[in-house]
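What follows is the residue order along each chain.
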Amino acid sequence: MASEIVVIGGGTAGAQLARRLGYAGVSVTVLGEEPHAPYNRVLLAEVLAGRYGPEVIALPEVPVRRGVRATEVDRDRRLVHCADGTSVAYDRLVLATGSNPVLPPLRGIADGLPDGVHPFRTLDDCLALSEAVRPGISAVVVGGGLLGVSAARALAERGARVVLTQQGEHLMERQLDVSASKLLRAHLEAMGVEIHTECRVRGLRGTSVELADGYVLDSELVVLACGVRPRAGLARDAGLEVRHGIVVDDELRTSDPYIHAIGDCAEHAGVVHGLAGPALEQADVLASVLTGTAARYTGTRALTRLTLSGPGPLDLAAFGDPTPHPGDDVVQLTDATRGAYRKVVVRGDRLVGGVLLGDLRTVGELARTWEGDEPLPSTPLFHLLGGA
């Protein structure tokens, strides 16, 4: 069993690992750069929308040295040096450094973000946006992925006049097919969100957004929601193997046998998940490894869920790849009256992807089948999708 365990990062993965080790009676030092107690990042949009207070999204308490930024990992001496001048010794080190928001190479932000331009990744980002937004304010959200859609919806709920720009052909391209994206777009437009797809942003003029065709969107508030990138600088500087993320094996071990990595910063089998579900699963596996119990991480089949309020709340679930390959079977049900859409892609006797919008009563069994990589049940899929 490892002693002197140090975790860099007090987010979802780091907090879960510390909690699991605490249950096993193992002491752990967690270095958290943010001044806040660990919180559920998935619910930040609910805080921005005014539905939850920051205290509601706090995770179960774990001891964290808050506001402490790790600046260097000395692998030879097994020390973590911190910005406050302290150093922490470790026998095993866990990097749970998460990810940073991607700031696109736009004109106008080379010297930093202008006043009124915000990323949307941390609780401080969320609180700054909450303070800035007010009914009637004009806002532009750059990025039409999961984060951008969540931010646009939250700002619209607060009464802002929102324009959402997306460089790709449709919203949430990573999770949704074209049909599902159209329903999502219609829902956001019904909330008053103006949407521009296939729209590339060239730069910022203060808080006004200049598009590639020269058109300028005048606004008072800009949110950059252009994705995230694994935060791997510490690992790279320490000489660990880094590709897209920090490369780990099935025991979440890096190229240094005394250092592990979990969560958004970790790359396992060529995949950086960047989602809460895999981060929690990795933390659970590593807790077993560090307490001497045989365990291996073999990957996570993650399901994305999102609830959008507004005129007729819209529930969304997506998993795998909803684009069929030749020979795949596709089962698709559409109810335009209720704004419902359900589609699954089947290869042999296995689900390989799916999208469900609207009534999600059927998502439970489909999710269990997908996440467990199990053969499909004998229940006909039309009945399963229809809830009959």
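Remember, it's a predicted structure, so these values are computed and weren't measured experimentally. Numbering of residues starts from 1 in each chain and follows the order in which that chain's sequence is written. In view of the model being predicted, local features appear only for residues whose pLDDT reaches at least 70, and side-chain atom pairs are presented and counted only at 80 or more, with totals across whole chains, interfaces and linings using the full set of residues. Hydrogens and water are ignored here; the side-chain numbers use all heavy atoms of the structure.

Some details on the pattern of salt bridges
Here, a salt bridge means any side-chain nitrogen of Lys or Arg that lies within 4 Å of a carboxyl oxygen of Asp or Glu. This structure, assessed with the given rule, holds 24 salt bridges. In this structure, Asp 84 and Arg 65 form a salt bridge, with 3.6 Å as the shortest nitrogen-oxygen distance. Of the two residues, Asp 84 is situated in the loop between strand S5 (79–82) and strand S6 (87–89) and Arg 65 in strand S3 (residues 65–66); the sequence distance between them amounts to 19 residues. Several salt bridges converge on common partners, so that one network encompasses Glu 46, Arg 51, Arg 153 and Glu 157. Secondary structure follows DSSP: runs of H or I at least 4 residues long count as helices, runs of E at least 2 residues long count as strands, and numbering of each begins at the N terminus.

A closer look at helix H1 (residues 12–23)
A helix is expected to span 1.5 Å for every residue after the first. Given a rise of 1.5 Å per residue, twelve residues ought to cover 16 Å, and the 17 Å separating the end C-alpha atoms of H1 matches this to within 8%. Of the residues making up H1, those classed as buried are Ala 13, Gly 14, Ala 15, Gln 16, Leu 17, Ala 18, Arg 19 and Leu 21. Buried positions along H1 lie against strand S1 (5–8), strand S2 (28–32), strand S7 (92–95) and helix H7 (276–290). Directly beyond the C-terminal end of H1, a positive phi value near 80° is found at Gly 25. Only protein chains enter the accessibility calculation, which uses a 1.4 Å probe. A residue is then buried if its area is under 20% of the maximum for its type, exposed if over 50%, and partly exposed in between. Note on definitions: a residue-residue contact is assigned when non-hydrogen atoms from the two residues lie within 4.5 Å.

Focus: the nonpolar core
Counting residues in each nonpolar core, the largest one holds 49 residues, and the members touching the most others are Ile 8, Leu 17, Val 80, Leu 93, Leu 95 and Ile 262. When sequence neighbours within four positions are dropped, the list of residues in contact with Leu 95 reads Ile 8, Ala 235, Leu 240, Ile 246, Ile 259, His 260, Ala 261, Ile 262 and Cys 265. The definition of a nonpolar core used throughout is a set of buried Ala, Val, Leu, Ile, Met, Phe, Trp, Tyr and Cys residues joined through side-chain atoms within 4.5 Å.

Concerning the packing of aromatic side chains
The aromatic pairing rule takes the rings of Phe, Tyr and Trp, using the six-membered ring of Trp, and pairs them if the centres are within 6.5 Å, calling planes under 30 degrees apart stacked, those over 60 edge-to-face and the rest tilted. By the definition in use, this model includes one aromatic pair. Centroid distance Phe 319 to Trp 370: 5.2 Å. Interplanar angle 40°. Geometry classified as tilted. You can see Phe 319 sitting in strand S22 (residues 314–320) and its partner Trp 370 sitting in helix H8 (residues 363–371), a full 51 residues away along the chain. By definition here, charges over rings are those cases where NZ of Lys or CZ of Arg is within 6 Å of the ring centre and within 35 degrees of the ring normal. The ring of Tyr 258 is capped by Arg 78, whose NZ or CZ atom sits 3.5 Å from the centre of that ring.

As for the sheet that holds S1
Strands are treated as partners if at least two bridges between them are detected by DSSP. Taken in spatial order, the five strands make up an open sheet running S3-S2-S1-S7-S19, and their pairing is parallel. The sheet terminates laterally at S3 and strand S19 (259–261), the two strands that pair on one side only. Here three bridges tie S7 to S19, and the two strands are oriented parallel to one another. Its bridge partner being in S19, Val 94 is matched across the sheet by His 260.

Considerations on the sheet that holds strand S15 (residues 216–217)
In space, the three strands of this open sheet follow the order S13-S14-S15, with antiparallel pairing throughout. At either margin of the open sheet sits one strand with a lone partner, and together these are strand S13 (201–205) and S15. By the bridge criterion, two bridges tie strand S14 (residues 208–211) to S15 in an arrangement that is antiparallel. Bridging from a neighbouring strand, Glu 210 pairs with Val 216 of S15.

Observations regarding helix H4 (residues 146–157)
Between its terminal C-alpha atoms H4 stretches 17 Å, which fits the 16 Å expected from twelve residues at 1.5 Å a residue. Of all twelve residues making up H4, nine are buried, and the element is well covered by its neighbours. Every buried residue belonging to H4 is among Gly 148, Val 149, Ser 150, Ala 151, Ala 152, Arg 153, Ala 154, Leu 155 and Ala 156, and all of these are buried. If you follow the buried residues of H4, they end up packed against helix H2 (44–48), strand S10 (138–142), strand S11 (161–165), helix H5 (178–190), strand S16 (221–224) and strand S21 (303–308). Looking one or two residues beyond H4, the residue adopting positive phi is Gly 159, at roughly 95°.

Points about the pairing of S10
Among the five residues that make up S10, five are buried, leaving the element largely enclosed by the rest of the structure. Going residue by residue along S10, you find Ser 138, Val 140 and Val 142 tucked away on one face and Ala 139 and Val 141 tucked away on the opposite face as well. Note that S10 and S11 share five bridges and pair parallel. Bridge assignment links Ala 139 to a residue of S11, and that residue is Val 162.

Quick look at the side chain of Thr 254
As for its position among the elements, Thr 254 is in the loop between strand S18 (246–248) and S19. What makes Thr 254 buried here is its relative accessible area of 7%. One polar contact links the side chain of Thr 254 to the main-chain carbonyl oxygen of Ile 259, over a distance of 2.9 Å. When near neighbours in sequence (up to four residues on either side) are disregarded, Thr 254 contacts Leu 240, Ile 246, Val 247, Val 248, Ile 259, His 260 and Ala 261. Pairing of N or O atoms within 3.5 Å defines a polar contact, subject to two protein rules: one partner must be a possible hydrogen donor and the other a possible acceptor, and residues neighboring in sequence count only if both atoms are side-chain atoms.

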